[in-house]
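# Geometric and topological summary
The lines below spell out each chain.
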4 protein chains.
Amino acid sequence: MNTFGTLFRLTSFGESHGPGIGGVVDGMPAGIEIDEDLLRHEMERRRPGQSALTTSRREADQVELLSGIFEGRTTGCPIGFFVHNSNQHSNDYDNLRRIFRPSHADFTYQQKYGLRDHRGGGRSSARETITRCVGGALAKMALRPLGITVSAYTSQVGPISLDADYRKYDLSLIESNSVRCPDPDKAREMEALIRQVKLDGDTIGGVITGVISGCPVGLGEPVFGRLQASLAAAMMSINAVKGFEYGQGFAGAAQRGSEQNDAFIPAPDGTIATLTNRSGGIQGGISNGQDIYFRVAFKPVATLLREQTTVDLDGHPATFTAHGRHDPCVLPRAVPVVEAMAAITLLDHYLMARAAQPWPPQKS
Amino acid sequence: MNTFGTLFRLTSFGESHGPGIGGVVDGMPAGIEIDEDLLRHEMERRRPGQSALTTSRREADQVELLSGIFEGRTTGCPIGFFVHNSNQHSNDYDNLRRIFRPSHADFTYQQKYGLRDHRGGGRSSARETITRCVGGALAKMALRPLGITVSAYTSQVGPISLDADYRKYDLSLIESNSVRCPDPDKAREMEALIRQVKLDGDTIGGVITGVISGCPVGLGEPVFGRLQASLAAAMMSINAVKGFEYGQGFAGAAQRGSEQNDAFIPAPDGTIATLTNRSGGIQGGISNGQDIYFRVAFKPVATLLREQTTVDLDGHPATFTAHGRHDPCVLPRAVPVVEAMAAITLLDHYLMARAAQPWPPQKS
Amino acid sequence: MNTFGTLFRLTSFGESHGPGIGGVVDGMPAGIEIDEDLLRHEMERRRPGQSALTTSRREADQVELLSGIFEGRTTGCPIGFFVHNSNQHSNDYDNLRRIFRPSHADFTYQQKYGLRDHRGGGRSSARETITRCVGGALAKMALRPLGITVSAYTSQVGPISLDADYRKYDLSLIESNSVRCPDPDKAREMEALIRQVKLDGDTIGGVITGVISGCPVGLGEPVFGRLQASLAAAMMSINAVKGFEYGQGFAGAAQRGSEQNDAFIPAPDGTIATLTNRSGGIQGGISNGQDIYFRVAFKPVATLLREQTTVDLDGHPATFTAHGRHDPCVLPRAVPVVEAMAAITLLDHYLMARAAQPWPPQKS
Amino acid sequence: MNTFGTLFRLTSFGESHGPGIGGVVDGMPAGIEIDEDLLRHEMERRRPGQSALTTSRREADQVELLSGIFEGRTTGCPIGFFVHNSNQHSNDYDNLRRIFRPSHADFTYQQKYGLRDHRGGGRSSARETITRCVGGALAKMALRPLGITVSAYTSQVGPISLDADYRKYDLSLIESNSVRCPDPDKAREMEALIRQVKLDGDTIGGVITGVISGCPVGLGEPVFGRLQASLAAAMMSINAVKGFEYGQGFAGAAQRGSEQNDAFIPAPDGTIATLTNRSGGIQGGISNGQDIYFRVAFKPVATLLREQTTVDLDGHPATFTAHGRHDPCVLPRAVPVVEAMAAITLLDHYLMARAAQPWPPQKS
């Protein structure tokens, strides 16, 4: 199941050490101007080697858009795309052929499929997230004229964490540092921790917060197509993600209803708003017009530059020490991936809500 | 989108104050003996009025199975089912017609669809979870001969919480108390808290922990059909759920890789196991044969027996005080719903994994 | 796979001799007035016993709408429905338990599922088409305010056939006779033939022609969601259907391009039309605004009131003679089923086309 | 909707005059050896310029397989592929920018999407069928070890047609002539007719017959996933197809039940067969183990090398005369496309049937 979405659909293919990574975006509305700069920007934010905090692999990650565009605009036809793999050090992975790396997908792929491409994690490599960033960039181009914006930032690295309330931060500062954290002081602490972890041959987990603004009322298809269910599936499909919450989330489980309910109020513009937004912008599975905010937990990268015990293909005890170039902390590079999956989900739901408007349709 | 699943599919319909709640289970394998007792048991665990802690509404919730069964066994054809609504106090809801209850779905349904059934929440009522329990009971009948078991329990009510490690508890005690908590002491504390909250006209949130044992290696369809993505979508589609995590979850975001990785070891039976199970039974989106465990956060019920400020249909300020019979805490009755959605998800993935076995197929 | 459609979805369940036949319509737009008379009319046209030409079984086929409707209007929530089986002569079918009726589904169901409900064909009974007529009636209620009409008529019974050009007939005469044929003379011939076939203990096949008028330009989702592909799948899913063609169909395979092309012309109302309509209203998989017309071939009913040779459950030679009440010709009662499936397909595509309109969306 | 299939899924992208044509095959089982010769062979059969009967465009159509394969075997991961466009004469199409070619998709694409790639038909070009042949070749590699074979041949060109019974022909002769007709005499007549039509600047339609042998009992998912419904959707999604029938098809509509029923008989190998096979290998929507045969009607190619009347983008009358290189008859090159779509459909249903086997599963 390498396709995500119902009306706006991303199909993904590719392995880390094959010819490249690619995909197809189907359901992109017609008439949207392609913003090559935006696409390049998103790829740049995701690519390895962008700072001292990430893997030193350098990948150009140039996206070829292969169809669905005519004279700079989308045609409504599917958009195929491809990113060549380059700068591969396949030899770095020769020792993986017969070993199951701890907490990696080697064992489960081998068992499920009977064989696997062991080079660099093959299909289970995080390099696959390239396709999400391409799909997300296209989705953002469609969401922009609707006034819907999607932002994400690193809100926790190891024990260093920001306040849960995103409104305390100036989101324009996110890109001002290499961890993509809007609190410059915390960012420096996080950077120092990541550097230390790297020196230790270890890795570290964290949390990314996402914020969607400008979302109209009415997105979400109860009961199983609740907007939060789609967002959760989108985020939980990203490598290394272990948890998702929105609104007050797990913290709200400790609260009383009187502490968590949001009172409705008349908004200055004649619409209806809520006084507080503990609900996180979704009620009954449908967006209510307030900001949608959520948090995504990432486990520490499983590849350690130190010896670990494991077993080989035959089930015999073995040891494994990773070499090569790896991220000590995936969070900075995962920020654009979280944004991308949120944008894809939003656009898909926007199209579904468009189809589901009350009857009879207005002439347009 | 009132259908969940790919090969094992639950379609749901019904409102709280219409004729009843029903659905269709499609993709149920043929030849499975219908266990009426199991079905009744699951309905009994979900129904209101089962203890002093839950709403005093009493609903018999008798399930009629309408098709797909012949001489006590499933035929492979879709199983339609229906549960009549009864004991309705529609008058309790007359005051809801023109009011938007805070943190309920009244406002978003009205805006999305242009009209709504206001009686008892209509489609957004938690009474809809009946269909999940029916689907889950059928899924459990299919999972049982495979040795796959699904358990859930209340692990937190308000500030009272259990240790995150489910192995510290005797899961056979879950049903021994009315909050469905395997720690009898904590259960008593939780009961006392819920009683107090009820007296206050307030409500309280909590967390449910789920445990899946006996799951074979190989369930999950990367990259977007990761098992955890499906489980998350399943859980986040339940009313009042605000968060999902599996394995170490959010707590693991604070850890280092060396603290979270699971070493592979040869198992006594010749298979491959892991020394620890911080991964939560899933690696690379595919089950690895270890227990799958996860936690689901529920917000406090939005219906308070005290006055709240809100607006009416015209957007004018109003106040609202709920009457009638409501749960002060949804957790005890949500335990079977969490189990049901987990069972449905597992069976769906089992069928997909069955189709995806390596080639050529074995003769059978 | 008992669900049809993408955004407007019909899920079906039920067997001919179980409690009843039912289903769920999901994706019905909100705000549509329920026309009970239309629903009753469609059920009446499909039901057995309506004339001397059809089976003498009398089934009331009263539809209970169980959800998704509030104060006479659709709410956008799924519409569950159920029709109780009655007037069952299960004893008529006792001899079927261990026999495979020729050209029926007994053998294939038994082999696929390992067991089957043998009574009256069980799930494979044409009684299942009730669900299609309910779904079709709802779809027609949505199509009506759009000015889209769907008609079908019997255009062939055995060797007696009408001219392929539907424009030669007055479609208002369709319901004026019991075969549902708009040519009264041919209708009488067909009636006589069906009566003779019945006397012979035999059955007879035929063709139904469908005509969709008022369809706007733009329905159809290339390349695999071509409108004709969806219509074909809809029709070929009906019991006893063996062929589908639209426009010139198979006859056009003998033609030259210069005989079949449709010249575009300016229409009086300022739009663009075609001088001829050999294309059948669809070009490149997308409706072009002209009438969509198609033909559906039905094989003769497999149940004969005469002895046939076959085998039993163990594969031993056996003979079989049907008793009970059966249709000698399914065409008259299949007309509303063809209309229903066309209406369902059209509405589904209308909703998809609505979602796929060029960007940016108009404010509404 | 550019994806076909449920478990074995082909996603397609590309235009005739963009960078190329490509797609993704998802759900390909793991462990299948890639047969590069078979793939090349299928592409060779589809490509233009292969004989004097087809367009003189010469396209190498070299397929790059971009993922999902490791050391010559499929891995169970999605297989991306791409075929570069070459030998493009875009100037041939400059005159199409502002004109709607009769019976082409120009008008409907323009209306639906608000813009279109006019060059060579853009997305609606038959060049898109490349993706089907790649998907079909992969499906054939999976079907081969199961003993399932798929053949197709030209059975009619204009008024020249073969007997409807495929068993009268030696299917090993199909590739012995350039029209792909197993009757050498008729083949010569067809060739002469196509040459004449080409001289006339005209085009001609025809029929392709498909035969599937070795299909096991049990493929097909009633009621909407009937095998014939999927085959019909597959075929009707091919450019220029106007009709589909299987078994006796439209001819059988003129018959009596006593002429069309197939008696069951004990087969020599202990299984159950039918004496005749008028059903076309499918009963109740499920394969019965006999040959599946079907016929597909193609209209004549719409591009004529003679003047036709039409309108331009503004709706003003205009004339259009095609130039360039075009097929006078699409049948010979469509034969591998019909086979491909049949193979894709069969494998998809095989996987669904595998998932739906009766319970409990056998250990394997």
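Our structure's up above, just so we're on the same page.
### A closer look at the overall build of chain A
Scanning chain A for helices and strands turns up eight helices and 18 strands. Over its C-alpha trace chain A gives a radius of gyration of 21 Å, about what one expects of a compact globule, namely 21 Å for 364 residues. Principal-axis analysis of the C-alpha atoms gives chain A an extent of 65 × 50 × 35 Å. When the 364 residues of chain A are sorted by exposure, 69% land in the buried category. In chain A, 69% of the contacts between residues at least 6 apart in sequence involve partners at least 24 apart. Carbon and sulfur atoms make up 49% of the accessible area of chain A, which amounts to about 11,300 Å² in all.

### Things to note about helix 2 (residues 106-113) of chain B
Taken across its eight residues, helix 2 of chain B has seven buried, putting it largely inside the fold. Along helix 2 of chain B, the positions that sit buried rather than exposed are B:Asp106, B:Phe107, B:Thr108, B:Tyr109, B:Gln110, B:Lys112 and B:Tyr113. On its buried face, helix 2 of chain B sits against strand 12 (264-266), strand 13 (272-274), strand 14 (282-283), strand 15 (286-287) and helix 8 (331-355) of chain A. At the C-terminal side of helix 2 of chain B, B:Gly114 shows a positive phi close to 85°.

### Focus: the sheet that holds strand 8 (residues 149-157) of chain D
The strand order 9(C)-8(C)-10(C)-16(C)-11(C)-11(D)-16(D)-10(D)-8(D)-9(D) describes an open sheet built from 10 strands, whose pairing is antiparallel. The two strands at the open ends of the sheet, each matched to only one other strand, are strand 9 (160-161) of chain C together with strand 9 (160-161) of chain D. Both strand 8 of chain D and strand 9 of chain D contribute to a ladder of two bridges, which runs antiparallel. What sits directly across from D:Gln156, in strand 9 of chain D, is D:Ser161. Seen against the sheet, helix 4 (residues 184-199) of chain C touches strand 8 (149-157) and strand 9 of chain C and runs at an angle of roughly 60° to strand 8 of chain C. Where helix 5 (residues 227-236) of chain C meets the sheet, it contacts strand 10 (206-213), strand 11 (241-246) and strand 16 (292-298) of chain C together with strand 11 (241-246) of chain D, and its direction lies at approximately 155° from that of strand 11 of chain C.

### Concerning the interface of chain D and chain C
The interface of chain D with chain C comprises 104 residues on the first partner and 105 residues on the second. In this assembly, chain D packs against chain C so that about 7,800 Å² is buried in total across both faces, 62% of it on carbon and sulfur atoms. Across the chain D-chain C interface, the total number found is four salt bridges. One salt bridge connects D:Glu221 with C:Lys112, and the closest N-O pair in it is separated by 2.9 Å. Along the lines of polarity and charge, the residues of the side of chain D that touches chain C split into 48 nonpolar, 38 polar and 18 charged.

### Section: the side chain of D:Asn177
Residues and elements named next belong to chain D. In this structure, asparagine 177 sits in the loop between strand 9 and helix 4 (184-199). In this structure asparagine 177 comes out as buried when scored by relative accessible area, which is 15%. Reaching out from asparagine 177, the side chain makes a polar contact with the backbone nitrogen of arginine 180 at a distance of 3.0 Å. Not counting residues up to four positions away in its chain, the partners in contact with asparagine 177 are Ala187 and Glu191.

### Regarding the pairing of strand 3 (residues 20-26) of chain D
Residue and element names in this part refer to chain D. With respect to burial, strand 3 is a largely interior element, seven of its seven residues being buried. Side chains Gly20, Gly22, Val24 and Asp26 of strand 3 all project onto a buried face; the interleaved residues Ile21, Gly23 and Val25 project onto the opposite face, where all are buried too. The turn linking strand 2 (residues 9-14) back onto strand 3 is made up of five residues.

### Topic: the environment of B:His316
Residue and element names in this part refer to chain B. Tracing the chain through its elements places histidine 316 in the loop between strand 17 (307-311) and strand 18 (317-321). On the basis of relative accessibility, which here comes to 46%, the residue histidine 316 falls in the partly exposed class. Expressed as a C-alpha distance, the spacing of histidine 316 and isoleucine 99, which sit 217 residues apart in the sequence, is 9.6 Å. What histidine 316 contacts, discounting residues up to four positions off in sequence, is Thr310 and Val311.

### With respect to the sheet that holds strand 9 (residues 160-161) of chain A
With antiparallel pairing, the 10 strands of this open sheet are ordered in space as 9(A)-8(A)-10(A)-16(A)-11(A)-11(B)-16(B)-10(B)-8(B)-9(B). Strands with a single pairing partner mark the edges of an open sheet, and in this sheet they are strand 9 of chain A together with strand 9 (160-161) of chain B. Sheet analysis places strand 11 (residues 241-246) of chain A next to strand 11 (residues 241-246) of chain B, joined by three bridges and oriented antiparallel. Directly across from A:Phe244, in strand 11 of chain B, lies its bridge partner B:Phe244. Its contacts with the sheet put helix 4 (residues 184-199) of chain A on strand 8 (149-157) and strand 9 of chain A, and the angle it makes with strand 8 of chain A is roughly 60°.

### Quick look at the interface of chain A and chain B
Between chain A and chain B, the contact holds 104 residues from the first and 104 residues from the second. Taking both sides of the interface into account, the surface hidden between chain A and chain B amounts to around 7,800 Å²; carbon and sulfur atoms contribute 61%. Connecting chain A to chain B are six salt bridges. There are 43 residue pairs in polar contact (both at pLDDT 80 or more) connecting chain A and chain B. Of the residues in the side of chain A that touches chain B, the class split is 48 nonpolar, 38 polar and 18 charged.

### What to know about the relation of the copies chain D and chain C
When chain D is fitted to chain C, the best match, at an RMSD of 0.0 Å, comes from turning it 180° and sliding it 0.0 Å along the axis. Both copies are brought into coincidence by an operation consistent with a two-fold rotation axis. In this assembly the copies share their binding face: 100% of the residues contributing to the interface of chain D also contribute to that of chain C.

### Some remarks on the relation of the copies chain A and chain B
Of the two same-sequence chains, chain A is brought onto chain B (RMSD 0.0 Å, axial shift 0.0 Å) by a rotation of 180°. Both copies share a contact surface, since 100% of the interface residues of chain A are interface residues in chain B too.

### Focus on the packing of helix 3 (residues 129-143) of chain C against helix 8 (residues 331-355) of chain C
Residues and elements named next belong to chain C. Packing of helix 3 against helix 8 brings their axes to within 7 Å, and their N-to-C directions diverge by 50°. Taken together, the axes of helix 3 and helix 8 are oblique relative to one another. Judged by the twist between their axes, the crossing of helix 3 over helix 8 is left-handed. Residues Thr129, Arg132, Cys133, Gly135, Gly136, Ala139, Lys140, Ala142 and Leu143 of helix 3 form the contact with helix 8, whose participating residues are Pro336, Val337, Glu339, Ala340, Met341, Ala343, Ile344, Leu346 and Leu347. In terms of residue class, the contact of helix 3 with helix 8 is built from 12 nonpolar, three polar and three charged.

### Topic: the pattern of salt bridges
For side chains bearing opposite charge, pairing can occur when the charged atoms are close. Tallying each qualifying case throughout the model produces 110 salt bridges over all chains. A salt bridge links C:Glu42 to C:Arg45; the nearest nitrogen and oxygen atoms lie 3.2 Å apart. With a gap of three residues between them, C:Glu42 and C:Arg45 both fall in helix 1 (residues 36-46), about one helical turn apart. In this structure, the salt-bridge partner of D:Arg40 is D:Asp37, at a minimum N-O distance of 2.8 Å. Taken together, the residues D:Arg40 and D:Asp37, both in helix 1 (residues 36-46) and three residues apart, mark about one turn of the helix. According to the relative accessible area criterion, D:Asp37 is exposed, its value standing at 53%. Several salt bridges share partner residues, and in doing so they unite A:Glu42, A:Arg45, A:Lys140, A:Glu175, A:Arg180 and A:Glu339 into one network.

### Examining the pairing of strand 18 of chain B
Residue and element names in this part refer to chain B. Only one face of strand 18 is buried: it carries Ala318 and Phe320, and the other face, with Pro317, Thr319 and Thr321, is open. Pairing analysis gives five bridges linking strand 17 to strand 18, with the strands arranged antiparallel. Paired with threonine 310 across the two strands is alanine 318, which belongs to strand 18. Counted along the chain from strand 17 to the antiparallel partner strand 18, the turn is five residues long, and its residue glycine 315 has a positive phi close to 85°.

### Section: unusual backbone geometry
Note that the residue after A:Pro222, namely A:Val223, is joined by a cis bond; omega there is 5°. Note that A:Val223 resides in the loop between strand 10 (206-213) and helix 5 (227-236). One non-glycine residue, B:Glu71, adopts positive backbone phi at about 50°. Take B:Glu71: it is sitting in the loop between strand 5 (69-70) and strand 6 (73-74).

Analysis parameters
- Within any chain, residue numbers begin from 1 and follow the written order of that chain's sequence.
- Each chain takes a letter, starting from A, and each ligand takes a number, starting from 1, following the order in which they are written.
- The predicted nature of this model means local features are confined to residues of pLDDT at least 70 and side-chain atom pairs, given and counted, to a pLDDT of 80 or more, with totals for whole chains, interfaces and linings taken over all residues.
- Processing note: side-chain calculations cover all non-hydrogen atoms of the structure and skip hydrogens and water entirely.
- Under the DSSP-based scheme used, a helix requires at least four consecutive residues in state H or I and a strand at least two consecutive residues in state E, with every element numbered from the N terminus.
- Atoms counted for the radius of gyration: C-alpha only. Globule rule: 2.2 Å times residue count to the power 0.38.
- Burial classes: relative accessible area under 20% of the type maximum marks a residue as buried, over 50% as exposed, and values in between as partly exposed (1.4 Å probe, protein chains only).
- Throughout, a contact is declared for two residues whenever any of their heavy atoms are within 4.5 Å.
- Values of accessible area rely on a 1.4 Å probe in the Shrake-Rupley scheme; residue burial ignores everything except the protein chains shown.
- One bridge is not enough; two strands pair if DSSP finds at least two bridges between them.
- The convention used is that axes are lines fitted to C-alpha atoms, helices contributing only their stretch in contact, and that angles between N-to-C directions extend from 0 to 180 degrees.
- The buried area of a pairing is the accessible area, by a 1.4 Å probe, that goes missing from both parts when the two are put together, added over both.
- Salt bridges, as used here, are contacts in which a Lys or Arg side-chain nitrogen is within 4 Å of a carboxyl oxygen on Asp or Glu.
- Gly is put with the polar residues, along with every residue not named as nonpolar or charged; the nonpolar set is Ala, Val, Leu, Ile, Met, Phe, Trp, Tyr, Cys and Pro, and the charged set is Asp, Glu, Lys and Arg.
- Under the rule applied, a polar contact is a pair of N or O atoms within 3.5 Å (in protein, one hydrogen donor and one hydrogen acceptor; residues adjacent in sequence only if both atoms are side-chain atoms).
- Copy-to-copy superposition: least squares on the C-alpha atoms, limited to residues that have pLDDT of at least 70 in both copies.
- In what follows, roughly perpendicular refers to angles from 65 to 115 degrees, roughly parallel to angles under 35, roughly antiparallel to angles over 145, and oblique to any angle outside these ranges.
- Handedness of each helix crossing follows the sense of rotation of the near helix against the far helix: counterclockwise by less than a right angle gives left-handed, clockwise gives right-handed.

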